[in-house]
Amino acid sequence: MRLVAIQMYRRPKSIRLYWYLAGMGTRDADTGRQSIMLAVWQLIAHHGIEAVTFRRVAERAHVSVGRIQHHYGTRDALVRAACAAMIEGAHAQYQELPDDPSARLKHILLHALPDSPRARFGASVWHAYLAKSVDDAEISRLLAETKRGTEDECVRLIKLSTRPPGDIDARIAARRLLALADGLTVRVLIGDLSGREAHELLESELAALGR
């Protein structure tokens, strides 16, 4: 099962990510972990991070409380593990995309928009983690690294997809596009804009970038 929400990039010694939450794999040995992580995400999406407890996760994941305690130790460690799991799980998903800089850049920006039930689910989880990062240094570190990695990837893609590349400042362009995508994501999430309106605006910005 794949739940669209947050996507990440990973390079040696660092985690790279943006919007796209994916499944954790399909091996039987991972089934219990997948169920636990999914249960955490469901609780966060529907009730907020404060709703995450060992008992509630165990009930949703159909595993014992003792198993969760054994693997994660504390509730905070479980919440952080689920955040890291989103990052790890999305790496493989991104690697499966076509090796086309323009297509990848478009994917990064447009998949940030919560314009479907699955994407809305993921956006809810992501924004809950954003709020939690205010008082959780580890989550803050993960999300900050994620944003830096996303920006670095966009800079690389912009340089590869624009001709001639020297005509624009790729770093500034990347930051502008990501800031726009972030803002539009919030407006679609709260119902202020439709997914179609947000898509059209981002598409027009991408088209302008390629001129």
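Everything in this summary refers to the structure shown in the same document. In this text the structure is predicted, and so the values were computed from the model without any measurement.

Considerations on unusual backbone geometry
Moving on, step 1. Positive phi is not limited to glycine here, since H62 has a value of about 60°.
Moving on, step 2. The residue H62 is located in the loop between α2 (54-61) and α3 (65-72) in this model.

Details of the pattern of salt bridges
Two side chains of opposite charge can pair, provided their charged atoms sit close to one another.
Moving on, step 1. Counted under the stated rule, the structure contains 16 salt bridges.
Moving on, step 2. Across the salt bridge formed by R156 and E153, the nearest N and O atoms sit 2.9 Å from each other. Taken as a pair, R156 and E153 lie in helix α7 (residues 137-161) at a separation of three residues, close to a single helical turn.
Moving on, step 3. Residue D192 pairs with R187 through a salt bridge whose shortest N-O separation is 2.5 Å.
Moving on, step 4. Look at D192 and you get partly exposed, because its relative accessible area is 43%.
Moving on, step 5. When its relative accessible area of 38% is taken as the criterion, R187 is described as partly exposed.

Observations regarding the environment of G195
Moving on, step 1. Among the structural elements, G195 can be located in helix α9 (residues 195-210).
Moving on, step 2. Residue classification places G195 among the buried positions, given a relative accessible area of 14%.
Moving on, step 3. C-alpha of G195 to C-alpha of L113: the two residues are 82 residues apart in sequence and 6.8 Å apart in space.
Moving on, step 4. Other than its neighbours up to four places away in sequence, G195 contacts L113, D115 and V188.

Here we look at the packing of helix α8 (residues 170-189) against α9
Moving on, step 1. Their axes nearest at 10 Å, the elements α8 and α9 cross at an angle of 170°. Overall, the two elements α8 and α9 adopt an arrangement that is roughly antiparallel. Touching A173, R176, L177, L180, A181, L184 and V188 of α8 are G195, A198, L201, L202, E205, L206 and L209, all from α9.

Here's the deal with α7
Moving on, step 1. When the terminal C-alpha atoms of α7 are compared, their 36 Å separation across 25 residues agrees well with the 36 Å that a helix rising 1.5 Å per residue should span.
Moving on, step 2. Of the residues flanking the start of α7, the one acting as N-cap is D136, its side-chain oxygen 3.1 Å from the backbone nitrogen of E138.

Points about the packing of helix α1 (residues 31-47) against α2
Moving on, step 1. With their axes 8 Å apart at the nearest point, α1 and α2 run at an angle of 115° to one another. At the point where α1 passes α2, the crossing takes the right-handed sense. Between α1 and α2, the residues in contact are S35, I36, A39, V40, Q42, L43 and H47 and R56, V57, R60 and A61, respectively.
Moving on, step 2. Considered class by class, the residues forming the contact of α1 with α2 number six nonpolar, three polar and two charged.

Considering the environment of Q69
Moving on, step 1. Residue position: Q69 is located in helix α3.
Moving on, step 2. C-alpha separation for the pair Q69 and A58, spaced 11 residues apart in sequence, amounts to 9.9 Å.

Reading the values: rules and limits
Residue indices follow the written sequence of each chain, beginning from 1 at its first position. In view of the model being predicted, local features appear only for residues whose pLDDT reaches at least 70, and side-chain atom pairs are presented and counted only at 80 or more, with totals across whole chains, interfaces and linings using the full set of residues. Processing note: side-chain calculations cover all non-hydrogen atoms of the structure and skip hydrogens and water entirely. For helices the rule is a DSSP run of H or I covering at least 4 residues; for strands it is a run of E covering at least 2, with both sets numbered from the N terminus onward. Here a salt bridge means any side-chain nitrogen of Lys or Arg lying within 4 Å of a carboxyl oxygen belonging to Asp or Glu. Each residue is placed in one exposure class: buried if its accessible area under a 1.4 Å probe, protein chains only, is under 20% of its type's maximum, exposed if it is over 50%, and partly exposed if it falls in between. For this analysis, residues touch if any pair of their heavy atoms sits within 4.5 Å. Convention adopted: a line fitted to C-alpha atoms gives each axis, helices being fitted over their contacting stretch, and angles between N-to-C directions are expressed from 0 to 180 degrees. Just so you know how the angles are binned, under 35 degrees is roughly parallel, over 145 roughly antiparallel, 65 to 115 roughly perpendicular, and the rest oblique. How far a helix is expected to stretch is found by multiplying one less than its residue total by 1.5 Å. Nitrogen and oxygen atoms within 3.5 Å of one another constitute a polar contact, given that in protein one can donate a hydrogen and the other can accept it, and given that sequence-neighbouring residues count only through two side-chain atoms. Each helix crossing is assigned a hand: it is left-handed if the near helix lies turned anticlockwise from the far helix by less than a right angle, otherwise right-handed if that turn is clockwise. Three categories are distinguished: nonpolar for Ala, Val, Leu, Ile, Met, Phe, Trp, Tyr, Cys and Pro, charged for Asp, Glu, Lys and Arg, and polar for the others, with Gly belonging to the last.

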